Amino acid sequence: MSQEILDKVNAKLKEKFESGIEHAELPYDFATFTVSKEKIHEVLSFLKSDPDLNFHFLTDLTGFQTEDEKHLGVIYHLHNMVKNMRIRVKTFFPMSNPEIPSAVDIWAGANWMERETYDFYGVKFKGHPNLKRILNVDEMDIFPLRKEYPLEDQSRDDKSDKMFGR
Amino acid sequence: MAKKENIKKETAKSSGLPEDTIEKELSILNLGPTHPATHGIFQNVLKMDGEIIHEATPTVGYIHRAFEKLAERRPYNQITPITDRLNYCSSPINNMGWHMTVEKLINVQVPKRVEYMRVIIMELARIADHLICNSVIGVDTGAMTGFLYIFQWREKIYDIYESICGARLTTNIGRIGGFEREWSPKTWELIHNFLKEYPKGLKEFSNLLERNTIFMDRTVNCGPISADMALDYGFTGPNLRAAGVDYDVRVATPYSSYQDFEFIIPVGRSGDTYDRFMVRQEEMWQSLKIIEQAIKNMPKDQPFHANVPDFYLPPKEEVYNNMEALIYHFKIVMGESDVPKGEIYHCVEGGNGELGYYLVSDGGRTPYRLHFRRPCFIYYQAYPEMIKGSMLSDAIITMSSMNVIAGELDA
């Protein structure tokens, strides 16, 4: 089933977009596409508006930081409830310029999810009507879910994990 | 400013007074953060014209506890207590959802019996969740009786939790791979008693409210939302079903053997407060039906946990007498069990809708990234639109009928 979804969506995307679809894979049986930042808005609105694919429901939108700590990502989970197809769309961009187009004009529900992503990762969603912090205080000047902000005070040495080699 | 001019013009027109004699402006009302009618810490800055709401700006994050950051430092079995505190009205569903996510990642198939036991406990949690929500709608419309009558049944459900895991509200129930121990005969007795007596209580509650004219006058057409708008805003669960979309994760992507059970997904039509109330009422009846089926068809002679020594604590007598058990015990307690690399999205039907876990593992002992898809957080953003133009008291019951839970909203 998932393989079919992957092939179908992949074929459709390949047909519509010459470039921009960087990767298509099936981790843990879940069709996943990596799309370039430039094409992400077009791809998302195509996925929603295409009558055959009809990914009309935005299940989830969240941020991500790659392990090299140089790139940020945004991960969309889309759902076609009629045919019960789910896909994941990812896009990555360098941390020096964390700006991608907002999806609020495609799904109204993206509004707070994008604000949350901005709040925690500092991803700037271009075209968002009200991009400000949502869960953290407005005065906060860091983006706390980035890996450069470790959970505990790094100057403490009484809670070291070194013993276990991690 | 333009708005103010409009209001002035309209008032002049309707009252027949000359326009320059009218001084009218919108007043600002802070509803919350701690308001007795909102049942939780919610702030809404309302712009009001008399008692009519013109604009609402919700502020969220008052009980934000950084769960996603915390989870990045905790071993997998220590994340279960975090999930308790998301939707604390139905913690077992959150716990089970998390266990299933990890089981999917480490590729473990739990015995059928465990799945059925999970179904029982999840449906009990759903009843407890809906029961609070519906009785609170009653309280907010001025009907305290239903709330007082029905609340004893939540206590009975909590007694069942207590006999299984020792806790009542933040349950931390079950383990990765199954349950911590076999359910005692007392637990089964409590469940049977509940199944026998609860329908009477629920019937009584239905009689009090379902066809009550005063209640219907207050709730019908109050805070409605269309199916299109609900889908656009990412609604799931009873709130989406009240708008007429028959989407239920239990049926769409069955987990924990839900495909074995026969039940109906109730749907509403107008997505107003009354429909949301009725959908939850009917779901409680369906949950009872599911529990009965689960008990009847419960496979016998199967263990209450899967064989996952890396995650499931061995029994104490083995730890003291057996070397391997001691090693596994140490590994689990110190959080040293590694998992494969991977990326997973798993969702369960929580009390409020699709509760999703997006988990990225880099192969270490803690998640690399864990994101909770919290249904409340996503659908609460439609609240300003739903209460626009309605009365303040309608806004209150709209909020309670949406069952916005602060813990889930703020994570």
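Residues numbered from 1 in each chain as written. Chains lettered and ligands numbered in written order. Predicted model: local features only at pLDDT ≥ 70, side-chain atom pairs only at ≥ 80, totals over all residues.

1. Let's talk about the overall build of chain B
Keep this limit in mind: Secondary structure counts use DSSP, requiring at least four H or I residues in a row for a helix and at least two E residues in a row for a strand, with both numbered from the N terminus. Within these notes, the globule rule equals 2.2 Å times the number of residues to the 0.38 power, and the radius of gyration is based on C-alpha atoms. Note on burial: count the other C-beta atoms lying within 10 Å of the residue's C-beta; 20 or more is buried, 12 or fewer is exposed, in between is partly exposed, and C-beta positions come from the backbone.
Along its length, chain B carries 18 helices and six strands. Taking 2.2 N^0.38 as the reference for a compact globule, 411 residues should give roughly 22 Å; the C-alpha atoms of chain B span a radius of gyration of 24 Å, in line with that estimate. Overall size of chain B, expressed as C-alpha extent along the three principal axes, is 95 × 45 × 35 Å. A total of 411 residues make up chain B; the buried ones form 47% of that total.

2. As for helix α5 (residues 112-140) of chain B
To keep it simple, the criterion reads: The span expected for a helix works out to 1.5 Å for each residue beyond the first.
Along its 29 residues, α5(B) runs 42 Å from first to last C-alpha, staying within 8% of the 42 Å computed at 1.5 Å per residue. Of all the 29 residues making up α5(B), 25 are buried; the element is thus mostly covered by neighbouring parts of the structure.

3. Comments concerning the sheet that holds strand β1 (residues 27-31) of chain B
Residues and elements named next belong to chain B. Note the following rule: For two strands to count as paired, DSSP must find a minimum of two bridges between them. Helix axes are fitted to C-alpha atoms over the stretch in contact, other axes to C-alpha atoms as well, and angles between N-to-C directions run from 0 to 180 degrees.
Pairing is antiparallel in the open sheet, where three strands are placed in the order β1-β2-β3. Every interior strand has two partners, whereas the edge strands, β1 and β3 (52-59), have only one. Ignoring which end each strand starts from, the neighbouring axes of this sheet average 25 degrees apart. Summarising the sheet, β1 and strand β2 (residues 43-49) pair through five bridges and their orientation is antiparallel. Among the inter-strand pairings, L29 is bridged to a residue of β2, identified as L46.

4. Some points on the sheet that holds strand β2 (residues 32-35) of chain A
All names here are of chain A. Worth spelling out the cut-off: Any two residues are considered in contact once their C-beta atoms, placed from the backbone, lie within 7 Å.
Read across the open sheet, the five strands follow the order β1-β2-β5-β4-β3; overall the sheet is mixed. Looking at the sheet topology across the chains shown, the edges are occupied by β1 (21-25) and β3 (57-65). When strand polarity is set aside, the average angle formed by the axes of neighbouring strands in this sheet is 20 degrees. Sheet topology places β1 next to β2; four bridges connect them, and they run antiparallel. The residue of β2 that forms the bridge with A24 is F33. Strands in contact with helix α2 (residues 40-49) are β2, β4 (71-80) and β5 (85-94); relative to β5, the strand with the most contacts, it is inclined by about 170 degrees. Lying over the sheet, helix α3 (residues 110-121) contacts β3 and β4, oriented at roughly 5 degrees with respect to β3.

5. Structural notes on unusual backbone geometry
All names here are of chain A. Look at E69: it is not a glycine, yet its phi comes out positive at around 60 degrees. Positionally, E69 belongs in the loop between β3 and β4. On the basis of neighbour counts, which here come to 11 C-beta atoms within 10 Å, the residue E69 falls in the exposed class. Its identity is not glycine, yet N84 carries a phi of approximately 55 degrees, on the positive side. Under the C-beta neighbour-count criterion, N84 is labelled partly exposed, with 13 such atoms within 10 Å.

6. Here's the deal with the domain arrangement of chain B
Residues and elements named next belong to chain B. Defined as follows: Bear in mind that the domain bounds are from an automatic or database domain assignment. Charged residues are taken to be Asp, Glu, Lys and Arg, nonpolar residues to be Ala, Val, Leu, Ile, Met, Phe, Trp, Tyr, Cys and Pro, and polar residues to be all remaining types, Gly included.
In terms of domains, chain B is made up of domain 1 (2-59) and domain 2 (75-410). Using C-alpha coordinates to define each centre, domain 1 is positioned 38 Å away from domain 2. Between domain 1 and domain 2, the residue contacts involve twelve residues of the former and 18 residues of the latter. Of the residues assigned to the side of domain 1 that touches domain 2, the class counts are seven nonpolar, four polar and one charged.

7. Observations regarding the environment of B:I290
Residues and elements named next belong to chain B. Relative to the assigned elements, I290 resides in helix α12 (residues 273-296). Between the alpha carbons of I290 and Y357 there is a distance of 24 Å; along the sequence they are 67 residues apart. Each residue touching I290, except ones within four places of it in the same chain, is listed here: V119, E123, F261 and F263.

8. A few points about the interface of chain B and chain A
In this assembly, 32 residues from chain B lie in contact with 28 residues from chain A. If you list the elements that add at least two residues to the side of chain B that touches chain A, you get α2 (67-71), α9 (227-232), β4 (341-349), β5 (354-362), β6 (369-373) and α15 (375-379) of chain B. Broken down by class, the residue content of the side of chain B that touches chain A amounts to twelve nonpolar, seven polar and 13 charged.

9. Topic: the pairing of β5(A)
Residue and element names in this part refer to chain A. In terms of strand pairing, β2 meets β5 through three bridges, oriented parallel. Across the sheet, F33 pairs through a bridge with V89, a residue of β5. Here β4 runs beside β5; their pairing, made up of ten bridges, is antiparallel. By the bridge assignment for β5, G73 is matched with F92. From the end of β4 to the start of β5, which pair antiparallel, there are four residues, and N84 there has a positive phi angle of about 55 degrees.

10. Looking at the nonpolar core
Residue and element names in this part refer to chain B. Quick reminder of the rule: Take the buried Ala, Val, Leu, Ile, Met, Phe, Trp, Tyr and Cys residues, join any whose C-beta atoms are within 7 Å, and the set you get is a nonpolar core.
I120 and L124 are the most contacted members of the largest nonpolar core, which has 147 residues in total. Broken down by element, this core gets its largest block of residues, 15 residues, from α5. When residues are assigned to domains, this core turns out to be shared by domain 1 (2-59) and domain 2 (75-410), each giving three or more. Non-local contacts of L124, meaning those with residues more than four positions away in its chain, are made with I157, I160 and I291.

11. Some details on the confidence of the model for chain B
This is how the line gets drawn: Per residue, pLDDT captures the predictor's confidence, and it can take any value from 0 to 100.
Looking at chain B, the pLDDT average stands at 90 and 98% of residues meet or exceed 70. Here the complex is predicted with pTM 0.91, and the ipTM for its interfaces comes to 0.91.

12. Side note on the environment of A:L131
All names here are of chain A. When you line up the elements, L131 lands in the segment after β7 (124-126). Separated by 20 residues in sequence, L131 and L151 have C-alpha atoms that sit 25 Å apart. Beyond its immediate sequence surroundings of up to four residues, L131 is in contact with R115, Y118, K124 and F125.

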